[in-house]
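So you can see what is in the structure, the chains are spelled out below.
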Amino acid sequence: MKTERHQPTASPCLCNALRQASRAVSRLYDEELRGVGLRTTQYSLLRHLSVAGEVRQRDLGGLTSLDETTLTRNLRPLIDSGWVVIGTGEDRREKLVRLTEAGAAKLRKARPAWERAQERLRSRLPGGAWSGLLATLPDLARLADEA
């Protein structure tokens with residue numbers, strides 16, 4: 001007697017779809033930023049610091065949705081390059097992170113590459129998708145954090 005095998009119905013997985021999209025988008029941005037010696041993650045941290053000013057490392061982790069270990073690992077090359085410095089707060093255990101002038105200069109130099117990546121992606125998306133994604137994704141991140 002032949003046994004029938006049923007393939008499970010594949011349900012779309014939002015997590016997998018977002019991770020795949022994120023990796024592909026990161027590759028595009030990394031390709032543009034490679035010429036200025038940055039990766040997307042590094043550019044993002046420099047931008048956050050340029051807006052936030054001096055910030056506690058814990059708060060920077062919250063702004064970037066990075067856990068402490070990942071944030072420390074991602075900050076290390078920026079510190080080694082002299083683009084970011086870490087000092088201590090009133091409480092010696094508190095780490096304060098800030099962008100250096102060299103970091104601000106690196107960010108200015110990288111801006112055209114970032115803008116090219118933005119335009120490459122924006123020009124390939126159907127009408128309204130760009131603004132829809134930019135409006136939806138922060139809400140999605142917040143809702144997932146709250147869940």
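Above: the structure in question.
Residues numbered from 1 in each chain as written. Predicted model: local features only at pLDDT ≥ 70, side-chain atom pairs only at ≥ 80, totals over all residues. Heavy atoms only, no water.

### Examining the overall build of the chain
Our working definition: Starting at the N terminus, helices and strands are each numbered in turn, a helix being any DSSP run of H or I of at least four residues and a strand any DSSP run of E of at least two. Put simply, the radius of gyration uses C-alpha atoms, and a globule should come to 2.2 Å times the residue count raised to 0.38. Buried residues are those whose accessible area, probed at 1.4 Å on protein chains only, stays under 20% of the maximum for their type, while exposed residues exceed 50% and partly exposed ones sit between those limits. Working rule for contacts: check all heavy atoms of both residues, and any pair within 4.5 Å makes them a contact. His residues and chain termini do not enter the charge count, which takes Lys and Arg as positive and Asp and Glu as negative. A charge is said to be at NZ when it belongs to Lys, at CZ for Arg, at CG for Asp and at CD for Glu.
In terms of regular secondary structure, the chain is built from six helices and three strands. Along the chain, helices and strands appear, N-terminal first, in the series α-α-β-α-α-β-β-α-α. Over its C-alpha trace the chain gives a radius of gyration of 20 Å, far above what one expects of a compact globule, namely 15 Å for 147 residues. The C-alpha extent of the chain, read off along each of the three principal axes, is 75 × 40 × 30 Å. Looking at the 147 residues of the chain, the share that counts as buried comes to 27%. A separation threshold of at least 6 residues defines the contact pool for the chain, and within that pool the share at least 24 residues apart is 54%. Averaged over its 25 positive side-chain charges, the chain has a centre that lies 6 Å from the centre of its 18 negative ones.

### What to know about the nonpolar core
Quick reminder of the rule: To form a nonpolar core, buried Ala, Val, Leu, Ile, Met, Phe, Trp, Tyr and Cys residues must be joined to one another through side-chain atoms within 4.5 Å.
Core analysis: the biggest nonpolar cluster contains 25 residues, and Leu33, Leu46, Leu60 and Leu75 have the highest contact counts within it. Sorting elements by how many residues they give to this core places helix α5 (residues 101–124) first, with six residues.

### Considerations on the sheet that holds strand β3 (residues 95–99)
As a reminder, the rule being used: At least two DSSP bridges between two strands are needed for those strands to be called paired. Angles here are taken between N-to-C directions and fall from 0 to 180 degrees, while the axes themselves are lines fitted to C-alpha atoms, restricted in helices to the stretch in contact.
Pairing in this open sheet of three strands is antiparallel, and the strands run β1-β3-β2 from one edge to the other. The sheet is open, and its two edges are formed by β1 (55–56) and β2 (84–88), each paired on a single side. Direction of pairing for β2 relative to β3: antiparallel, over a ladder of five bridges. Across the sheet, isoleucine 86 pairs through a bridge with valine 97, a residue of β3. Relative to β3, helix α2 (residues 40–52) is tilted by about 100 degrees, and along the sheet it contacts β1, β2 and β3.

### Considering α2
Going by this rule: By this rule, a helix spans an expected 1.5 Å times one less than how many residues it contains. Each direction from the helix axis to a C-beta atom contributes to the arc, which is the arc of those directions.
For α2, which comprises 13 residues, the first-to-last C-alpha distance of 18 Å matches the rise-based estimate of 18 Å (1.5 Å per residue) to within 8%. Where α2 is concerned, the buried positions are Gln42, Tyr43, Leu45, Leu46 and Leu49. The buried residues of α2 occupy an angular sector of 160 degrees when projected down its axis, which confines them to one face. Residue glycine 53 follows α2 closely and has a positive phi angle near 75 degrees.

### Observations regarding the pattern of salt bridges
Inclusion rule: Take a side-chain nitrogen of Lys or Arg and a carboxyl oxygen of Asp or Glu: if they are within 4 Å of each other, that pair is a salt bridge.
A full pass over the atoms with the stated rule returns 13 salt bridges. Note that arginine 108 is salt-bridged to glutamate 101, the shortest N-O span being 3.2 Å. Residue glutamate 101 is classed as exposed on the basis of its relative accessible area, which comes to 55%. Close ionic contact of arginine 122 with glutamate 119 constitutes a salt bridge, the shortest N to O distance being 3.6 Å. With arginine 122 and glutamate 119 both in helix α5 and three residues apart, the pair spans about one turn of that helix. For arginine 122, a relative accessible area of 36% translates into the label partly exposed. Given a relative accessible area of 43%, glutamate 119 falls into the partly exposed group.

### Remarks on the state of the cysteines
We apply this condition: Two cysteine sulfur atoms form a disulfide, by the criterion used here, when they sit within 2.5 Å.
Counted according to the given criterion, the structure contains zero disulfides. Here cysteine 13 stays free of any disulfide, with the sulfur of cysteine 15 as its closest cysteine sulfur at 5.2 Å.

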